[in-house]
Amino acid sequence: MDALLLLAAWLTPLLVLVLTFGKGSSVWLPLAALPALMTALLVPAGSQLAIPWLLLGTRLGIGEQGALWLFFSALLWLTAACYTHLWMAKQADSGRFRLFFLLAMSGNFAVILAEDLGSFYLGFAVMGLSAYGLVVHGGKPEQRRAGRVYLWMTLCGELALFIALVMIFQRTGSLSPTPAQLAGAPGLEVGTLVLAFGIKAGLLGVHFWLPLAHPAAPVAASAVLSGAMIKTALIGWISFLPLGQQAMPFWGALMLLLGCAAALLAIPAGLLQRDPKVLLAYSSIGKMGTMLAAIGLALLEPSLSEGLILAVVFFAAHHGLAKGALFIGVGLVKSASSRMVLLLLALPALAMVGVPFSSGAAAKGVLKESLSQVDPLWGGLLLAVLMLATLGTTLLMARFMLLMNDLCGSEMAKPNSYLAPWTGLILVLLLLPFYAGLSAGRLWDWVLIITALLIAGGVWRFKPQFIVRWISTLPPGDMLCLLERLGLLMHRAFNAQRHSWQLRVAGLSDLSWLKGLQRWKPGWQAGQGLIESGTVQAVFWFGITLLLLLLLVTG
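**As for the nonpolar core**
Counting residues in each nonpolar core, the largest one holds 171 residues, and the members touching the most others are W77, F101 and W237. When residues in this core are grouped by element, the largest group, 18 residues, is from helix α14 (residues 305-336). When near neighbours in sequence (up to four residues on either side) are disregarded, W237 contacts L193, V194, F197, G198, A201, L243, M255, L292 and I295.

Written out as structure tokens, the structure reads:
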């Protein structure tokens, strides 16, 4: 029974594909995520399923960490599927959306359950490529642009991942390497893993696709893209980096510093946005930076990696549920236009802030407990970043709620039953702290949250011009937009320089000495015809081929 559930969790979304087209087919969409949710709740940790004849030898399994990961991911997909059924069923192109939605869901579950390199890569690739169809679903110019950027970055990440997995197999000789076999990884292998999963996670420097793709995609797609799919980068790092086996000071410090920088820089970038979905996208970059920094610490301190990994998994569960609820809440506020929806939306926003006894407070508590034994230099750095991030996240969520308040009406435009799946997701988020233990937070957390709320209230009340004028000055995609502008300037400069040279050449043609060269024109034309003839080209390539053969024989 356990083996069947493991297989059903992966294959059910693919089986539901046959029902994705046709009238009323969206009714079956939530069914696709139910076996994965049952697997997370019912299958005991350590269960495995081997299918030797599939791919290169497929191995599926679930551990203690995998159960929590599969649970919150399946719950997110289930809620998004219900939202899709209730709000998008009557759209003309909903069948195409459901097709890509189910493919991405199957790939996401495969990444969580895979215990061999081939299955992991297949799931990662299917998930990443299918999400392109979700990003460009609306067909608007900005969505097509976001889709092109997303696709290019996804292909680069998958190429880097393929190279890294090939190197792992070549070094270990196993498609299911153990943690001990991953030890001794060379720098090139670790670097490609950092790059491959860094693109998916929104690593600082390759993050610009994320604030373009999340707002471009429909609400249901944004929820699973930010809540579940980008978290697969963390699974990849935990699965394939030599955590707990080998100290890697350079890569550990690099990941820690990049993560801390992302956690801090994403805050002002998000505050400058007017679109609430873009704000949430930058918030995701910051929180993924915090989790990246924790993994960097695990590379620096192998003896403490187990506690740090558990903290990352719980932090990912908290952030996935909260961010998924926020994205779906944006769609509900725009569609339902109800103050009750806005009130419920404040609950995941408070969880993101980390108010006492919330999942955010529990996640930070677990992480801070792991940091108590880390080297004071690195541990103190991450603790300081967490404190500043608490202040910044409070400001972000306050601005988010103000933006949503501007979109909200006074009456419910849809029946209350439409809110049931989303309300269930929020309820699970409220119960999540009991999994790790309730945390009231520390005194500094209280001070930072209250300070941030006072700042947000003052800005909202007085609207100082030195702050207001900066709003919308940073376009979504930040670095990409800067590179595009630099490229445009270089293109214009090149065209101007080329025009200048053309004028100079035209001036030289009037010189008397240049006119004297005209008598050589017939010879040049004859030589050009000889070079362009097929006989000369055939002789040239025959000579090149003969030279290569001689080098091969003599070598």
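**Regarding the confidence of the model for the protein**
In regions of low pLDDT, the predicted coordinates are not meant to be interpreted in detail. Taken residue by residue, the protein gives an average pLDDT of 83. The fraction at 70 or more is 84%. Between residues 530-542, whose pLDDT stays under 50, and residues either more than four places distant or in other chains, the model counts four contacts. Between residues 548-555, whose pLDDT stays under 50, and residues either more than four places distant or in other chains, the model counts zero contacts.

**Observations regarding the packing of aromatic side chains**
By the definition in use, this model includes eleven aromatic pairs. Judged by centre distance (5.0 Å) and plane angle (70 degrees), the ring pair of W77 and F101 falls under edge-to-face. Of this pair, W77 sits in helix α3 (residues 64-88) while F101 is found in helix α4 (residues 94-113), placing the two residues 24 residues apart along the sequence. Here W77 and F101 have matching classes, each one buried. Ring centres of F124 and F197 lie 5.6 Å apart, and the angle between their planes is 90 degrees; this geometry places the pair in the edge-to-face category. Of this pair, F124 sits in helix α5 (residues 117-135) while F197 sits in helix α8 (residues 187-201), and the two are 73 residues apart along the sequence. Looking at F124, the relative accessible area reads 2%, which means it is buried.

**Looking at the pattern of salt bridges**
If you walk through the whole model with that rule in mind, you get one salt bridge. One salt bridge connects E189 with R171, and the closest N-O pair in it is separated by 2.9 Å. Of this pair, E189 sits in helix α8 while R171 sits in helix α6 (residues 141-172), placing them 18 residues apart in sequence.

**Considering unusual backbone geometry**
For L55, which is not a glycine, the phi torsion comes out positive at approximately 55 degrees. One non-glycine residue, F357, adopts positive backbone phi at about 65 degrees. Note that F357 resides in the loop between α15 (339-353) and α16 (359-371).

**A closer look at helix α13 (residues 276-300)**
Its 25 residues give α13 an end-to-end C-alpha distance of 36 Å, which sits within 8% of 36 Å, the value for a rise of 1.5 Å per residue. The buried count for α13 comes to 25 of 25 residues, which makes it a mostly enclosed element. Put simply, D275 is the residue that caps the front of α13, since its side-chain oxygen is 3.0 Å from the backbone nitrogen of K277.

**Overview of the packing of α6 against α8**
At a minimum axis separation of 8 Å, α6 and α8 run at an interaxial angle of 150 degrees. The angle between α6 and α8 falls in the class roughly antiparallel. Classified by chirality, the crossing of α8 by α6 is left-handed. In contact with Y150, M153, C156, G157, A160, L161, A164, M167, I168 and R171 of α6, α8 contributes L188, E189, T192, L193, L195, A196, F197, I199 and K200. Counted by class, the contact of α6 with α8 contains 14 nonpolar, two polar and three charged residues.

**Some thoughts on the layout of surface pockets**
In this approach, a probe sized like a water molecule rolls over the atoms, and the result shows the empty space that is left. Empty space within the largest pocket amounts to approximately 960 Å³. Within the residue set of the lining of the largest pocket, elements represented by two or more residues are β2 (58-62), α3, α4, α5, α7 (179-182), α11 (232-240) and α14. Tallied by class, residues from the lining of the largest pocket come to 19 nonpolar, ten polar and five charged. Of the volumes computed, that of the second largest pocket is approximately 720 Å³. Along the walls of the second largest pocket sit 21 residues, with L271, R399, V459, I467 and I471 positioned nearest its centre. Only α12 (249-271), α17 (376-407), α20 (443-462) and α21 (465-468) provide two or more residues apiece to the lining of the second largest pocket.

What counts and what doesn't
Residues numbered from 1 in each chain as written. Predicted model: local features only at pLDDT ≥ 70, side-chain atom pairs only at ≥ 80, totals over all residues. Heavy atoms only, no water. Core = buried A, V, L, I, M, F, W, Y, C linked by side-chain atoms within 4.5 Å. Buried < 20%, exposed > 50% of the residue type's maximum accessible area, 1.4 Å probe, protein only. Helix = DSSP H or I, 4+ residues; strand = E, 2+ residues; numbered from the N terminus. Contact = heavy atoms within 4.5 Å. pLDDT = per-residue confidence, 0-100. Phe/Tyr/Trp six-rings, centres within 6.5 Å; stacked < 30°, edge-to-face > 60°. Salt bridge = Lys/Arg side-chain N within 4 Å of Asp/Glu carboxyl O. Expected span 1.5 Å × (residues − 1). Polar contact = N/O pair within 3.5 Å; in protein donor to acceptor, adjacent residues only side chain to side chain. Axes fitted to C-alpha atoms, helices over the stretch in contact; angles between N-to-C directions. Parallel < 35°, antiparallel > 145°, perpendicular 65-115°, else oblique. Left-handed = near helix turned anticlockwise from the far one by under 90°. Nonpolar A, V, L, I, M, F, W, Y, C, P; charged D, E, K, R; others polar. 1 Å grid on protein atoms, 1.4 Å probe; cavity = no way out; pocket = protein on both sides within 12 Å on 5 of 7 lines; lining within 4 Å. Points joined across faces, edges and corners; volume = space filled by probe spheres on them.

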